[in-house]
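# Examining the three-dimensional arrangement
The lines below spell out each chain.
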Amino acid sequence: MNTGTEPVTLTRKGDTSTMEKLHNYINGKLVAPQSGKYFDNYQPATGKVYSLIPDSGAADVQLAVDAANAAFPAWANTPAEKRAKIIMRIAALIERDLERLAKAESKDNGKPVELARRVDIPRAVSNFEFFATAVMHYASESHAMEDSAINYTLRQPIGVVGCISPWNLPLYLFTWKIAPALAAGNCVVAKPSEVTPMTAFLLSELCIEAGLPAGVLNIVHGTGPGAGQAIVEHPEIKAISFTGGTKTGAGIARTAAPMFKKLSLELGGKNPNIIFADCDFDQALKITMQSSFANQGQICLCGSRIFVERPIYEKFRDAFVAKTKELKPGNPGDEKTRLGAVVSQSHMEKILSYIDLAQQEGGKILAGGKRVMLDGEFSEGWYIEPTIIEGLAFDCRTNQEEIFGPVVSIMPFDTEEEALNMANSTSYGLAAIVWTQHLTRAHRVASKLQSGIVWINCWLLRDLRTPFGGVKQSGVGREGGFNALNFFTEAKNVCIKL
Ligand code: NDP
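Treat the numbers as computed from the prediction; the structure is a model and nothing was measured. (Residues numbered from 1 in each chain as written. Predicted model: local features only at pLDDT ≥ 70, side-chain atom pairs only at ≥ 80, totals over all residues. Heavy atoms only, no water.)

How two aromatic rings sit relative to each other is set out by the distance from centre to centre and by the angle between their planes. All chains considered together, the criterion is met by 10 aromatic pairs. Taken together, a centroid distance of 6.0 Å and an interplanar angle of 55° make the contact between Tyr42 and Trp382 tilted. With Tyr42 in strand E4 (residues 38–43) and Trp382 in the loop between strand E16 (371–372) and strand E17 (383–384), this residue pair connects regions lying 340 residues apart in the sequence. Classification of Trp382 by relative accessible area gives buried; the value is 5%. The interplanar angle of 85° and the centroid separation of 5.3 Å between the aromatic rings of Phe276 and Phe413 together place this pair among those described as edge-to-face. Within this pair, whereas Phe276 is found in the loop between strand E13 (271–275) and helix H9 (281–293), its partner Phe413 is found in strand E19 (residues 407–413), the two being separated by 137 residues in sequence. Across the pair, Phe413 and Phe276 agree in class, each one buried. (Phe/Tyr/Trp six-rings, centres within 6.5 Å; stacked < 30°, edge-to-face > 60°. Helix = DSSP H or I, 4+ residues; strand = E, 2+ residues; numbered from the N terminus. Buried < 20%, exposed > 50% of the residue type's maximum accessible area, 1.4 Å probe, protein only.)

Structure representation (structure tokens):
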């Protein structure tokens, strides 16, 4: 369904006359921003502008909050089964439009279309399906006090909540927040990243088609400091679910905490990938290629610090370097491409600056290290070679700060204790990967790793029921399963004297 937007036309920056203008989705309608202003949306594969994003601000957020407040009583009182049915319809429409959405995601983000089709869009479908069905199995507790009283917990929706998501897995992470919020009976004001707004816009069209009542979900496009900040500081938005960088998360906490908003923060990572000599070598190598470079290394769960036990260090390093040299960045829209473009020019420059820093810190580039210039219409796209760096100290900046690109460092270790010390040395604690066939060691290392998620002999194997989130500066709170429904509800204890 196309609700009044013009066709997408690939145009150079400056010539914006024929470009598609995205719309906000407020009170069930696609609307222009109050300011009437738009800014450029770039296609990473070409480095060129291809559509225009509403530059929304506090006035648009106010309209969204008004619509959400008006919709809340009816939505909160709609039986969970009926809410679930509508949410399942949204899931079905995303599934119907999977191909179109995968292409849009790839174009907007630079990720290979194959990845968007296999991972991003199916996961958006699963997010809606999972929480639509989860809410029907969501039970609350009861605590009997022998024969004197009985307590029961009411789990009530919060009201109007804010959901703010990043650009790396655009529709995937946007829906991971929206789906539980809606299923639990809240009304939502959501903002996707300004860097990748397209699939959130397409989702708003699908919500209209699915018959989601007006005002239940409102999507406001714009910048972080503009629309994002207006959501965080709005007094009638009672909870904020945020995924993004640690620095942004700290700023959001500074604004929201004194207002006593409920906060869920999913932040950055600098995840270790620990490979013991007794691992299944081929499997460790295969999956390490993915955990290093999938989505151009722009997944918060990527293992960017690879620690390999000394007896297999050289063998693993050489095999990993050889495979990495075979992985070439290409046009994300090409079916065969497995490494696309990074998301923006400024992000590309940041990644390249870390590669420079690594060399200043004594690192040796074993593979990659440079920007890649493709031919023809892709010559100005933002491509970086998959890069492996050796010879860095575990505590140097390159090994401590999040790079969020196709760049990993590789280091040997001699003992389990040394590997754990290095793995736990950063201020982050999101995820960790361990490769070993030694059962006892696997459990021991998992329990000692300072991270919210540990994968043993696998990576990115996700069960949506499990707690998801980080420790230290990787975040506060857990998403996933009933954790998300708990976040998006308030618990009220009712005590009845018998
Ligand atoms: P940012 O922190 O820059 O942005 C995240 C979102 O917050 C965007 O929608 C952004 O808007 C918005 N935002 C920015 N400033 C404000 C503000 N002052 N008030 C409210 N909202 C604001 O992160 P990135 O988009 O660059 O994403 C990459 C980061 O996300 C990495 O650090 C990565 O590790 C992390 N991440 C964490 C995950 C996890 O589960 N822990 C999963 C995926 C990513 P805009 O884009 O318009 O500026």
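Take Ser264: it is sitting in strand E12 (residues 262–266). A C-alpha to C-alpha distance of 33 Å links Ser264 and Lys286, two positions 22 residues apart in sequence. If we skip the residues at most four places from it in the chain, Ser264 touches Ile240, Ser241, Phe242, Val476, Glu479 and Phe487. (Contact = heavy atoms within 4.5 Å.)

Okay, the pattern of salt bridges next. Counting across every chain of the model gives 18 salt bridges. Across the salt bridge formed by Arg96 and Glu209, the nearest N and O atoms sit 2.7 Å from each other. Remark: Glu209 occurs in helix H6 (residues 198–210) and Arg96 occurs in helix H2 (residues 80–96); sequence separation between them is 113 residues. The class for Arg96 is partly exposed, based on a relative accessible area of 46%. By relative accessible area, Glu209 is classed as partly exposed at 32%. For Arg310, the salt bridge is made with Asp414, and the minimal N-O distance between the two is 2.9 Å. (Salt bridge = Lys/Arg side-chain N within 4 Å of Asp/Glu carboxyl O.)

Strand order in the open sheet formed by 3 strands is E6-E7-E25, and the pairing between neighbours is antiparallel. Where the open sheet ends on each side, the last strands, each with one partner, are strand E6 (142–145) and strand E25 (489–497). Each adjacent strand pair in this sheet contributes to an overall mean axis angle of 20°, direction not counted. Sheet topology places strand E7 (residues 149–157) next to E25; 9 bridges connect them, and they run antiparallel. The residue of E25 that forms the bridge with Pro157 is Thr489. (Pairing = 2+ DSSP bridges. Axes fitted to C-alpha atoms, helices over the stretch in contact; angles between N-to-C directions.)

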